[in-house]
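In case you want the letters, here they are:
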Amino acid sequence: QEQLVESGGGLVQAGGSLRLSCVASRSISRTIFNFNGMSWYRQAPGKQREWVATIRPNGLTDYLASVKGRFSISRDVKNTMYLQMNDLDPEDTGVYYCRMQGSRFDYWGQGTQVTVSS
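What counts and how
Residues numbered from 1 in each chain as written. Predicted model: local features only at pLDDT ≥ 70, side-chain atom pairs only at ≥ 80, totals over all residues. Heavy atoms only, no water. Helix = DSSP H or I, 4+ residues; strand = E, 2+ residues; numbered from the N terminus. Rg over C-alpha atoms; globule rule 2.2 N^0.38 Å. Buried < 20%, exposed > 50% of the residue type's maximum accessible area, 1.4 Å probe, protein only. Core = buried A, V, L, I, M, F, W, Y, C linked by side-chain atoms within 4.5 Å. Pairing = 2+ DSSP bridges. Phe/Tyr/Trp six-rings, centres within 6.5 Å; stacked < 30°, edge-to-face > 60°. Contact = heavy atoms within 4.5 Å.

K.L.:
Whenever I open this one, the overall build of the protein chain confuses me. Can you help?
P.N.:
When you go through the protein chain residue by residue, the secondary structure sums to one helix and 11 strands. Secondary structure of the protein chain in N-to-C order comes out as β-β-β-α-β-β-β-β-β-β-β-β. For 118 residues, the compact-globule estimate of 2.2 N^0.38 gives 13 Å, and the C-alpha radius of gyration of the protein chain, at 14 Å, lies within 12% of that figure. With respect to the three principal axes, the spread of C-alpha positions in the protein chain is 40 × 30 × 25 Å. Burial analysis of the protein chain (118 residues in total) assigns 43% to the buried set.

This is how it looks when you write it as structure tokens:
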């Protein structure tokens, strides 16, 4: 049973949009209630995994410079996490992973593929 599950990836043309979601399983829902940060990472083929965005419990967000103004991270009352991606560029292609961190846990999803064609 997967603990974090991403969805919403796919193939889009440059300039298009995608909305990624990350849902925690019921088995860990109580654990992640007291989270410190929820984040998105991505990894392009042959490249290192890089951090993309983070949202804190107080609502503060931060973004990788290259996605600032195009991507938006958010969460809902059920702690489902989202990444709205607009004006996508081929440079955004990669496997996107969600991560939920707390003082006593660190969960990762298995990734969802995002491919942006020119």
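K.L.:
Would you explain the nonpolar core in this entry?
P.N.:
Most often, soluble globular proteins keep nonpolar side chains buried together rather than apart. In this structure, Trp40, Leu83 and Met85 are the most contacted members of the largest nonpolar core, which totals 30 residues. The element best represented in this core is strand 3 (residues 18-24), accounting for four residues.

K.L.:
Looking at this structure, how should I read the pairing of strand 10 (residues 105-108)?
P.N.:
The side chains of a regular strand alternate, residue by residue, between the two faces of the sheet. Residues Phe105 and Tyr107 line the buried face of strand 10, whereas the alternating positions Asp106 and Trp108 sit on a face that is not buried. With four bridges joining them, strand 9 (residues 94-102) and strand 10 adopt antiparallel strand pairing. Its bridge partner being in strand 10, Gly102 is matched across the sheet by Phe105. Connecting strand 9 to the antiparallel partner strand 10 that follows it, the hairpin turn spans two residues.

K.L.:
Please clarify how the packing of aromatic side chains should be interpreted in this entry.
P.N.:
To describe a pair of aromatic rings, one takes the distance between the centres and the angle between the planes. As enumerated under the stated definition, the model contains two aromatic pairs in all. Taken together, a centroid distance of 4.8 Å and an interplanar angle of 50° make the contact between Tyr41 and Trp108 tilted. One end of the pair, Tyr41, is in strand 4 (residues 37-43); the other, Trp108, is in strand 10, and 67 residues separate them in sequence. For Tyr41, a relative accessible area of 12% puts it in the buried group. Consider the rings of Phe105 and Tyr107, whose centres lie 5.4 Å apart with planes at 25°: the pair is stacked.

K.L.:
Sorry, what's going on with the environment of Asn34 here?
P.N.:
Within the secondary structure, Asn34 is located in the loop between helix 1 (26-32) and strand 4. Of the residues examined, Asn34 reaches a relative accessible area of 57% and is grouped as exposed. Sequence spacing of Asn34 and Pro57 is 23 residues, and the spatial spacing of their C-alpha atoms is 8.4 Å. Those residues in contact with Asn34 that sit more than four places away from it in its chain are Gly102 and Phe105.

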